[in-house]
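Coordinate inspection notes
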Amino acid sequence: MAERTEKPAEGRPVVACDDVHVEFRTLATGKPIKPSMSSGLLQRGRSLRTVHALKGVTFVARANESIGIIGTNGSGKSTLMRTITGLTPATRGAVYAKSRPNLLGVGAALIPDLSGGNNIILGGLAMGMERSEIEAQYDEIVEFTGLEDFIDMPMRTYSSGMSARLKFAIATAKEHEILIVDEALSVGDRDFQKKSEKRIRDIRERAGTVFLVSHSMRSIRDTCNRTIWIEKGELRADGDTDAVVKEYEQHR
Amino acid sequence: MSMSELAAANSLERVGARPSFTDYVTEVWRRRDFTYSLAKYRIQSENERNRLGMLWVVLRPILSAMVYGLVFGLILAGMRPANFVPFLIIGVFFLEFFNTSMNGGAKSIISNTALVQSLPFPRMVLPIATVLQNLLNFMPTLLLMFVLTMLWGARPNLSWFLFIPLIALFYLFNQGVALIFARLTVHVRDLSQFVPFISRLIFYTSGVFFDPRTVLEPYPTLQAVYAWHPLNEVLAIARGILLDEYSIPWDYWWKLAIWAVVILVVGTVFFWKAEERYGREN
Ligand SMILES: Nc1ncnc2c1ncn2[C@@H]1O[C@H](COP(=O)(O)OP(=O)(O)OP(=O)(O)O)[C@@H](O)[C@H]1O
Ligand SMILES: [Mg+2]
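Structural notes, computed from the coordinates. The model shown is predicted, which means the values in this text are computed figures rather than measured ones.

The rules behind each value
Residues numbered from 1 in each chain as written. Chains lettered and ligands numbered in written order. Predicted model: local features only at pLDDT ≥ 70, side-chain atom pairs only at ≥ 80, totals over all residues. Heavy atoms only, no water. Salt bridge = Lys/Arg side-chain N within 4 Å of Asp/Glu carboxyl O. Helix = DSSP H or I, 4+ residues; strand = E, 2+ residues; numbered from the N terminus. Buried < 20%, exposed > 50% of the residue type's maximum accessible area, 1.4 Å probe, protein only. Contact = heavy atoms within 4.5 Å. Buried area = accessible area lost by both parts, 1.4 Å probe. Polar contact = N/O pair within 3.5 Å; in protein donor to acceptor, adjacent residues only side chain to side chain. Nonpolar A, V, L, I, M, F, W, Y, C, P; charged D, E, K, R; others polar. Pairing = 2+ DSSP bridges. Disulfide = S-S within 2.5 Å.

1. Let's talk about the pattern of salt bridges
Once their charged atoms are close, side chains differing in charge can pair, the charge on each being opposite to the other. Residues and elements named next belong to chain A. Across all of its chains, the model carries 19 salt bridges over all chains by this definition. We note a salt bridge from E249 to R221, for which the minimum N-O separation is 3.4 Å. Here E249, found in helix α9 (residues 241–251), pairs with R221, found in helix α8 (residues 217–223); they are 28 residues apart in sequence, far enough to count as distant. Where R226 meets D238, a salt bridge forms, and the shortest distance between an N and an O atom there is 3.0 Å. With R226 in strand β8 (residues 226–231) and D238 in strand β9 (residues 234–240), the pair connects residues that are twelve residues apart, well separated along the chain. Accessibility expressed as a relative area gives 11% for R226, which makes it buried.

Take a look at the structure:
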């Protein structure tokens with residue numbers, strides 16, 4: 001046991017997923033499309049459907065890693081990330097973490113009618129920062145968004161790329177030990193994508209751990225040193241980015 | 001080595017476990033700046049959306065006081081309580097704070113699903129921010145109430161300071177109710193459709209436009225039970241302070257205090273018990 005944790009090449013474990021299963025039970029509504037599928041008067045319309053979104057995922061993430069998460073649509077990537085943060089409970093299995101992982105999800109705390117500037121304060125507080133911390137970083141955040149001229153305008157007047165910039169800037173203002181980025185980069189323009197990828201690498205250099213969910217293999221290659229491929233709720237591959245991405249691209 | 005051993009060896013904690021009650025309350029307190037800002041910014045954004053802005057906060061209760069005044073002033077004709085106009089205004093204005101808190105509390109979790117699903121913070125922040133927002137909105141209404149009752153002959157005096165403990169108790173009571181409904185609607189989503197009816201029922205029974213003590217005069221047992229109606233207690237005390245025609249029923253103070261403490265404690269524990277449940281779809 002001792003020799004494994006002491007291995008110099010590997011950082012300390014910060015997140016451990018132990019055979020994680022997630023099942024969603026939802027009321028399927030609506031009539032079956034094909035008449036042959038309907039089964040009697042009583043069952044029509046509503047029936048309880050179980051979606052097995054994750055089927056036993058196991059891995060350990062370590063300090064100083066940035067891990068790409070890839071896989072086709074609906075394969076369970078977002079579900080896995082939400083389970084790691086504790087926002088979706090595991091039906092079976094367990095997730096252990098050093099500190100509570102943060103999903104880059106500050107967007108939901110912002111109020112569209114407020115100015116970008118007020119939203120920076122509100123978003124920072126929502127992530128658990130102190131007001132003094134936010135005020136100290138305020139200028140830096142505004143500069144990162146590149147929205148100096150619009151910061152007093154209500155957020156609802158922003159374009160989708162502009163709000164994505166604001167959200168990303170707020171979310172990464174906090175020192176994250178474990179940060180999860182799910183498709184947040186895809187809306188920004190080329191410049192902003194580069195800037196945000198750099199910021200993710202910075203977080204990693206400060207001994208943080210980053211999970212990046214993306215369909216852009218270029219983003220994954222540029223930012224991640226390890227990649228996990230999730231397919232139909234199962235962990236299909238886990239390892240060096242180049243190898244896993246190559247395998248994934250051949251599979252398609 | 002098994003995964004749980006690895007976790008233990010590296011002091012990793014299991015994600016998603018509900019914190020102990022004291023830890024929870026401490027964390028809620030630590031987030032007070034967020035709670036307050038949420039309330040403040042929501043008021044600000046609401047004011048920006050409507051042309052008349054902040055004015056709506058006082059216009060709404062005035063308009064409903066006028067409607068109730070017209071309708072019940074005519075229906076009740078002969079048996080109107082003494083000094084009817086300020087009597088009614090006090091009732092409507094105070095009930096507005098209760099109603100908005102109960103309705104807002106009921107919606108505080110279910111209408112913020114996206115927020116609950118994307119950031120970790122003690123969920124109790126949401127119903128607290130809602131009631132705080134209503135308390136802040138209640139302040140200008142209160143001022144207006146003082147002005148209006150003065151037009152009908154009330155004169156400021158030292159006893160008006162009793163409004164401070166009265167509103168404090170009323171606030172705590174409303175907070176407790178909001179917490180209870182915040183959790184109930186998560187379990188029974190359809191309940192949120194019922195809440196407006198419940199609040200209307202409470203509105204009509206709490207003596208907004210009639211004086212239950214005179215109405216129930218012939219039935220002493222009923223009167224004794226009714227003395228425990230928390231909202232009527234609030235209204236009766238407020239009228240006792242402001243209007244010469246009414247006296248402050250002193251026993252209502254401790255009855256209301258018991259209500260406020262019990263409901264708040266029950267609400268807090270009840271809400272905390274389901275902390276992991278909020279925002280979950282399955
Ligand atoms: N709340 C839910 N209720 C029912 N089923 C759900 C729910 N959330 C996700 N699912 C199902 O779980 C599966 C995985 O979804 P998930 O969002 O994790 O996919 P994803 O890998 O993130 O896809 P994408 O690449 O499109 O983002 C899908 O089949 C989806 O239908
Ligand atoms: Mg997804």
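Let's pick the thread back up.
2. Re the interface of chain B and chain A
In this complex, chain B contributes 34 residues to the contact, which on the side of chain A involves 46 residues. For the pairing of chain B and chain A, the buried interface totals around 3600 Å² over both sides, and the portion due to carbon and sulfur atoms is 62%. Contact with chain A buries area across many residues of chain B, yet B:M3, B:V15 and B:Y41 alone supply 19% of it, more than any other trio. Viewed at the interface, chain A and chain B are joined by two salt bridges. Where chain B packs against chain A, one counts seven residue pairs in polar contact (both at pLDDT 80 or more). Contributing elements (two or more residues each) for the side of chain B that touches chain A: α1 (3–9), β1 (13–14), α3 (32–49) and α6 (113–118) of chain B. Residue contributions to the side of chain B that touches chain A peak at ten residues, all from α3(B). For the side of chain B that touches chain A, the class distribution of residues is 15 nonpolar, nine polar and ten charged. In this structure, strand β4 (residues 92–97) of chain A lies alongside β1(B), joined through two bridges in antiparallel fashion. Looking across to β1(B), one finds that A:A97 is bridged to B:E13.

3. What about the state of the cysteines?
A covalent bond bridging the sulfur atoms of two cysteines is what the word disulfide describes. Using the criterion set out here, one finds zero disulfides over all chains in the structure. Cysteine A:C17 remains unbridged, with the sulfur of A:C224 as its closest cysteine sulfur at 16 Å.

4. Re the environment of A:L27
All names here are of chain A. On the secondary structure map, L27 appears in strand β1 (residues 13–28). Here L27 falls in the partly exposed class, since its relative accessible area comes to 44%. Distance from L27 to H52, taken between C-alpha atoms, is 14 Å for residues 25 residues apart in sequence.

In short, the description is geometric, and any link to function would need to be established separately.
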